[in-house]
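Next come the chains, spelled out residue by residue.
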Amino acid sequence: MSPAPTSATGQDPAVRLSDVHKSFGTNKVLDGVSFDVPRGSVTTIIGRSGSGKSTALRCIDRFERIDRGEITVCGHRVHEPSLDLRALRLDVGIVFQSYNLFPHLTVEENIILAPTAVKKMPKAEARELARRVLAQVGLEEKLHAYPEQLSGGQQQRGAIARSLAMQPKVMLFDEVTSALDPELTGEVLKVIEQLAADGMTMVLVTHEMAFARGIADQVVFMHRGKVHEIGPAAILSSPATQELAQFVGTGL
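Please read these numbers as outputs of a predicted model, since none were measured by experiment. Each chain carries its own residue numbering, running from 1 in the direction its sequence is written. Side-chain atom pairs in this predicted model are given and counted only at pLDDT of 80 or more, local residue features only at pLDDT of at least 70, and totals for whole chains, interfaces and linings cover all residues. With hydrogens and water set aside, each side-chain value is computed from the structure's full complement of heavy atoms.

Novice: Give a detailed account of the pattern of salt bridges, specifying residues and quantitative values.
Specialist: Here a salt bridge means any side-chain nitrogen of Lys or Arg lying within 4 Å of a carboxyl oxygen belonging to Asp or Glu. Tallied over the full model, the rule gives eleven salt bridges. For the salt bridge of Asp-19 with Arg-68, the shortest nitrogen-to-oxygen distance reads 3.8 Å. With Asp-19 in strand E1 (residues 15-24) and Arg-68 in strand E4 (residues 68-73), this pair connects stretches of sequence that are 49 residues apart. For each residue, the accessible area found with a 1.4 Å probe, counting protein chains only, is set against the maximum for its type, and the residue is called buried under 20%, exposed over 50%, and partly exposed in between. Here Asp-19 falls in the partly exposed class, since its relative accessible area comes to 37%. Through salt bridges with shared partners, a single ionic network connects Lys-28, Asp-31 and Lys-226. Think of it this way: any DSSP run of H or I at least four residues long counts as a helix, any run of E at least two long counts as a strand, and we number them from the N terminus.

Novice: Got a sec to walk through the nonpolar core? Specific residues and values, please.
Specialist: Formed by 38 residues in total, the largest nonpolar core has its most connected members in Ile-160, Phe-173, Ile-192 and Met-202. Sort the elements by how many residues they give to this core and helix H6 (residues 182-197) lands first, with six residues. Core analysis: the next-biggest nonpolar cluster, separate from the first, contains 30 residues, Val-33, Leu-57, Cys-59 and Ile-60 among them. Buried residues of nine kinds, namely Ala, Val, Leu, Ile, Met, Phe, Trp, Tyr and Cys, make up a nonpolar core once their side-chain atoms join them within 4.5 Å.

Novice: Pulling in residues and values, what's your account of the UniProt feature "domain: ABC transporter" (unreviewed entry) in the protein chain?
Specialist: As annotated in UniProt, the feature "domain: ABC transporter" (unreviewed entry) corresponds to residues 15-249 in the numbering used here. In this annotation, residues 15-249 is assigned 36% helix and 26% strand; the end-to-end C-alpha distance for the span is 30 Å. UniProt positions are given in the numbering used here, feature names are shortened, and annotations may be inferred rather than shown by experiment.

Novice: Any chance you could break down the environment of Cys-74 for me, citing the residues and the numbers?
Specialist: Topologically, Cys-74 is positioned in the loop between E4 and strand E5 (76-77). Among the residues examined, Cys-74 registers a relative accessible area of 13% and is labelled buried. In sequence terms Cys-74 and Thr-206 are 132 residues apart; their C-alpha atoms lie 23 Å from each other.

Novice: Help me get a handle on the pairing of strand E7 (residues 170-174), residues and values and all.
Specialist: Most of E7 sits inside the fold, with five of its five residues counted as buried. The two faces of E7 match: Val-170, Leu-172 and Asp-174 on one face and Met-171 and Phe-173 on the other face are all buried. Two strands pair under a simple rule: DSSP has to find at least two bridges between them. Direction of pairing for strand E6 (residues 92-95) relative to E7: parallel, over a ladder of four bridges. The partner of Ile-94 across the bridge, within E7, is Leu-172. Across five bridges, the pairing between E7 and strand E8 (residues 201-205) is parallel. Across the sheet, residue Asp-174 finds its bridge partner in E8, namely Val-205. A crossover counts as right-handed when, viewed with the strands pointing away from the observer, the path leading from the first strand over the helix to the second turns clockwise. Viewed along the sheet, the connection from E7 through H6 into E8 turns out right-handed.

The structure is reproduced here in structure tokens:
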């Protein structure tokens, strides 16, 4: 399938995957994946377990190296051996389903770690930034709490705040609500909805179909390592292929 068109402004897309292939041993996980993510838009990647969606996300941030093809993110040519990984990670934030907060640090300390170590931001400035991003995710009162004192939803919002503190151009979310119960899931999804309203470019791997319908500018349905169907959120209501119809019908 050919890549989606660039954004209406004529700018290059924030993220572009072109004919991306990735195998783990004999298991081909990505088989010629191509799609664009226009700047300021939200793309959701959906599909059954094992369809390649999380691997595609991890390749965007070079957590996995691809075997063939091209990935460009905010001008960084991710597929090239000469990639400046540090520069890429300054532009791209990623949040996983496991929150990965350091348990021995307070929420504030978790957040200021990267801005002070990587960006050499003065501590006072980083603390003010921590307060701002925690307010953004509704957690300002938990500034001095430790992760074990937070609910799962609060820890996930803390992880989002930690990524926002690096002021990325693109945010990646990998099944960030899969370990949460419905009430806590709602907390996290509200934060993501607000980021979308603020114009953050986002790519989300999600199994929350109602959420995907409500937030996505573009839905990428992956099936057996390929982009099987791609289009606006309306494709979830009127799929063009039997595979997507079965997928949304089962609510998987």
